[in-house]
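Now for the letters of each chain:
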Amino acid sequence: MRPVTVACLLAACLASGPVSAEPAKPPAATAPHGTPPHATVPLPPPEPPARPNDLSPPAPRVTPLPPERPPELATGRELAKEPEPKPAGEAAKEAPAALPEAPLPPARPPELSGEAALALKVAAPDDAACLRRLERLGARFEAMAPLGNGQCSAPRPLAITALADGVALEPAATLNCRTAEALARWATEVQASARKELDDSLKSLSLGGTYVCRGQNHDTDAKLSEHSFANAVDVMGYGFAKRPALNVTAAPDGTPEAAFLAAVRASACGFFRTVLGPGSDAAHGNHLHLDERERNAGHRLCQ
Ligand SMILES: [Zn+2]
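Residues numbered from 1 in each chain as written. Predicted model: local features only at pLDDT ≥ 70, side-chain atom pairs only at ≥ 80, totals over all residues. Heavy atoms only, no water.

## Looking at the pattern of salt bridges
Phase 1 of the analysis: In this structure the tally under the stated criterion is nine salt bridges.
Phase 2 of the analysis: Note that Arg273 and Glu292 form a salt bridge whose closest N and O atoms lie 2.7 Å from each other. Remark: Glu292 occurs in the loop between β10 (288-291) and β11 (301-302) and Arg273 occurs in the loop between α10 (256-268) and β9 (274-276); sequence separation between them is 19 residues.
Phase 3 of the analysis: The closest approach of N and O atoms between Glu294 and Arg273, which form a salt bridge, is 4.0 Å. In this pair, Glu294 is assigned in the loop between β10 and β11 and Arg273 in the loop between α10 and β9, connecting sequence segments 21 residues apart.
Phase 4 of the analysis: Since its relative accessible area comes to 54%, Glu294 is described here as exposed.
Phase 5 of the analysis: A cluster of three or more residues bridged by salt bridges with shared partners is formed by Arg178, Arg273, Glu292 and Glu294. (Salt bridge = Lys/Arg side-chain N within 4 Å of Asp/Glu carboxyl O. Helix = DSSP H or I, 4+ residues; strand = E, 2+ residues; numbered from the N terminus. Buried < 20%, exposed > 50% of the residue type's maximum accessible area, 1.4 Å probe, protein only.)

Right, dumping it as structure tokens:
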């Protein structure tokens, strides 16, 4: 009896399905009395709703999640680019509008771009360009580990072994890039002077000291020397391809050697902020002291 009645009910439902399904909704509002006959129909309706409910809910659940991210993402944007002086009330109202856009960019910039950008800016601001220039000048050098001892410090020192034209530094110099670049540029002038005044080629620079943690003129009570910052170099003499090496000490007036020494000392003032040598004072009687000390208004000391 039951299977028959169920079949009859189903058949009736199927037969009248298209007709009753549509009226089913309107009757609920307009004719509640017409619904009682469908009391046996509750079986079919439960099946369709169960499936759609499972399918439909996930969509709303996925969309609600984004709102939780925006607050963090919004801060990432603010840190990255936009400083927003707007009141908190307006910012909160605008936040939801920005939610759909925020999810995509935020994931990338927050950690990677922020730290990476800062690291790059802090790591090699000036030196990157300086190192490229030093390479183009033909210098041979290697980066060294940071140097420091008390107040002495050289955060990015270089070990320079040779300059343009294979001019050797004897011994190798420990200098920051700016001073190394000044030395490399000046060496090209020294080379030109060697060919002009001595008809010879410069092959080496004899150095007395570069990075040394000490006071000026080796006075422990004096202000720290620029040598304490890898910012200075002492040149003792010059080596040539054919003729004997020439010390910085004064040569007899009127000789090619004297002309050469005068020329290279004068040209050093165009590359270094400080140039001291024989005649300047007792401490520089046998070498040229060249450094890049910063002075007010860019003043130089060229003696
Ligand atoms: Zn010196």
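There is more to say, and it comes next.
## What to know about the coordination of the zinc ion
Phase 1 of the analysis: Every protein donor of the zinc ion is accounted for by His227 (NE2), Asp234 (OD) and His289 (ND1), and the metal-donor separations fall at 2.0 Å.
Phase 2 of the analysis: Asp234 sits in the buried class, given a relative accessible area of 7%.
Phase 3 of the analysis: Looking at His289, the relative accessible area reads 7%, which means it is buried. (Donors = N, O, S within 2.8 Å, 3.2 Å for Na, K, Ca; no water.)

## Some thoughts on the environment of Val235
Phase 1 of the analysis: Among the secondary structure elements, Val235 is positioned in strand β7 (residues 232-240).
Phase 2 of the analysis: Along the backbone, Val235 and Asn286 are 51 residues apart, and their C-alpha atoms lie at a distance of 8.9 Å.
Phase 3 of the analysis: Filtering out sequence-adjacent residues up to four positions away, Val235 remains in contact with Trp186, Ser206, Leu207, Val248, His287, Leu288 and Leu290. (Contact = heavy atoms within 4.5 Å.)

## Focus: the packing of aromatic side chains
For any pair of aromatic rings, the description consists of the separation of the ring centres together with the inter-plane angle of the planes.
Phase 1 of the analysis: Summed over all chains, the structure comprises four aromatic pairs.
Phase 2 of the analysis: Ring geometry for Tyr238 and Phe260: centres 5.1 Å apart, planes at 90°, overall edge-to-face. Of the two residues, Tyr238 is situated in strand β7 and Phe260 in helix α10; the sequence distance between them amounts to 22 residues. Across this residue pair, the class does not change: Tyr238 and Phe260 are buried.
Phase 3 of the analysis: Geometrically, the ring pair formed by Phe240 and Phe260 is edge-to-face, given 5.5 Å between the ring centres and 75° between the ring planes. Placement of the pair is Phe240 in strand β7 and Phe260 in helix α10, with a sequence separation of 20 residues.
Phase 4 of the analysis: The exposure class of Phe260 is buried, given its relative accessible area of 0%. (Phe/Tyr/Trp six-rings, centres within 6.5 Å; stacked < 30°, edge-to-face > 60°.)

## A short note on the side chain of Arg214
Phase 1 of the analysis: Checked against the element boundaries, Arg214 lands in the loop between β6 (202-209) and β7.
Phase 2 of the analysis: Salt bridges are absent for the buried Arg214, whose nearest opposite-charge side chain, Asp234, sits at 4.0 Å.
Phase 3 of the analysis: Those residues in contact with Arg214 that sit more than four places away from it in its chain are Cys152, Leu224, Ser225, His227, Ser228 and Asp234. (Lys, Arg positive; Asp, Glu negative; His and termini not counted.)

## Digging into the state of the cysteines
Phase 1 of the analysis: The tally for this structure, following the rule as stated, stands at three disulfides.
Phase 2 of the analysis: With its sulfur 2.1 Å from that of its partner, Cys130 forms a disulfide with Cys177. One quick way to see it: the torsion about the S-S bond of Cys130 and Cys177 is about -100°, and its sign makes the bridge left-handed. Highlighted residues: Cys130 in helix α8 (residues 127-136) and Cys177 in helix α9 (residues 177-197), separated in sequence by 47 residues. Pair check on accessibility: Cys130 and Cys177 agree, each one buried.
Phase 3 of the analysis: Note that Cys152 is cross-linked by a disulfide to Cys213, the S-S spacing being 1.9 Å. As the torsion about the S-S bond is roughly 80°, the Cys152-Cys213 disulfide counts as right-handed. With Cys152 in strand β3 (residues 152-154) and Cys213 in the loop between β6 and β7, the pair connects residues that are 61 residues apart, well separated along the chain. (Disulfide = S-S within 2.5 Å.)

## Focus on unusual backbone geometry
Phase 1 of the analysis: With omega at -5°, the peptide bond leading from Glu170 into Pro171 counts as cis.
Phase 2 of the analysis: Position of Pro171 among the secondary structure elements: in strand β5 (residues 168-175).
Phase 3 of the analysis: If you check the backbone angles, Asp165 has positive phi at about 65° while not being a glycine.
Phase 4 of the analysis: Here Asp165 lies in the loop between β4 (158-162) and β5.
Phase 5 of the analysis: With a phi close to 50°, Asp199 is a non-glycine residue in the positive phi region.
Phase 6 of the analysis: In this structure, Asp199 sits in the loop between α9 and β6.
Phase 7 of the analysis: Judged by relative accessible area, which is 59%, Asp199 ranks as exposed.

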